[in-house]
Amino acid sequence: MGLIARGKALGFTLAEIGALLGEGSATAATSAEEVRRAAAAKIDVVDEQVRQLADVRARLERLVATCDEGDAEGCASLATPCR
């Protein structure tokens, strides 16, 4: 697997991969520390996405429970608490 494909598989955008490759800069070499910083920042982004998805999942579970409890009006109106 090539460098760009590995970067994409790790969630980096093409722009981020280009920056790590030194695209458009005088030095084409990226230091291990720069890669480490980019990876740590990407972890923060992924962690936030996981938190957001967990919140959506919890709200969907509450909606399913509302529907399962026979509350047709609440189910049809999506009237479950958002938080």
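Basis of the calculations
Residues numbered from 1 in each chain as written. Predicted model: local features only at pLDDT ≥ 70, side-chain atom pairs only at ≥ 80, totals over all residues. Heavy atoms only, no water. Salt bridge = Lys/Arg side-chain N within 4 Å of Asp/Glu carboxyl O. Helix = DSSP H or I, 4+ residues; strand = E, 2+ residues; numbered from the N terminus. Buried < 20%, exposed > 50% of the residue type's maximum accessible area, 1.4 Å probe, protein only. 1 Å grid on protein atoms, 1.4 Å probe; cavity = no way out; pocket = protein on both sides within 12 Å on 5 of 7 lines; lining within 4 Å. Points joined across faces, edges and corners; volume = space filled by probe spheres on them. Disulfide = S-S within 2.5 Å.

Engineer: Would you mind showing me how to read the pattern of salt bridges here?
Structural biologist: Charged atoms that come close allow side chains of opposite charge to pair. In this structure the tally under the stated criterion is five salt bridges. With its nearest N and O atoms 2.9 Å apart, the salt bridge here joins Lys42 to Glu16. Pair noted here: Lys42 is in helix α3 (residues 32-68) and Glu16 is in helix α2 (residues 14-20), with a separation of 26 residues, a long-range link. With a relative accessible area of 32%, Glu16 lands in the partly exposed category. With a shortest N-O distance of 3.1 Å, Arg51 and Glu48 are connected by a salt bridge. Of the two residues, Arg51 and Glu48 are both situated in helix α3; the distance of three residues between them amounts to about one turn of the helix. Take Glu48: its relative accessible area is 34%, and that puts it in the partly exposed class.

Engineer: Which parts of the structure should I look at to understand the layout of surface pockets?
Structural biologist: Over the atoms, a rolled probe matching the size of one water molecule traces out where space is still vacant. Estimated volume of the largest pocket: approximately 280 Å³. If you trace the largest pocket, you find 14 residues lining it, with Gly7, Leu10, Phe12, Leu20 and Val35 closest to the centre. Where the lining of the largest pocket is concerned, the elements lending two or more residues are α1 (3-9), α2 and α3. Among the elements that take part in the lining of the largest pocket, α3 stands out by supplying five residues, more than any other.

Engineer: Even after reading the chapter, I still don't get the state of the cysteines, so can you show me in this structure?
Structural biologist: Linking two cysteines covalently via their sulfur atoms produces the bond known as a disulfide. Going through the model one piece at a time under the given rule, you end up with one disulfide. A sulfur-sulfur distance of 1.7 Å marks the disulfide that ties Cys67 to Cys75. Linking Cys67 and Cys75, the disulfide has an S-S dihedral of approximately 90° and is accordingly described as right-handed. Among the residues examined, Cys67 registers a relative accessible area of 28% and is labelled partly exposed.

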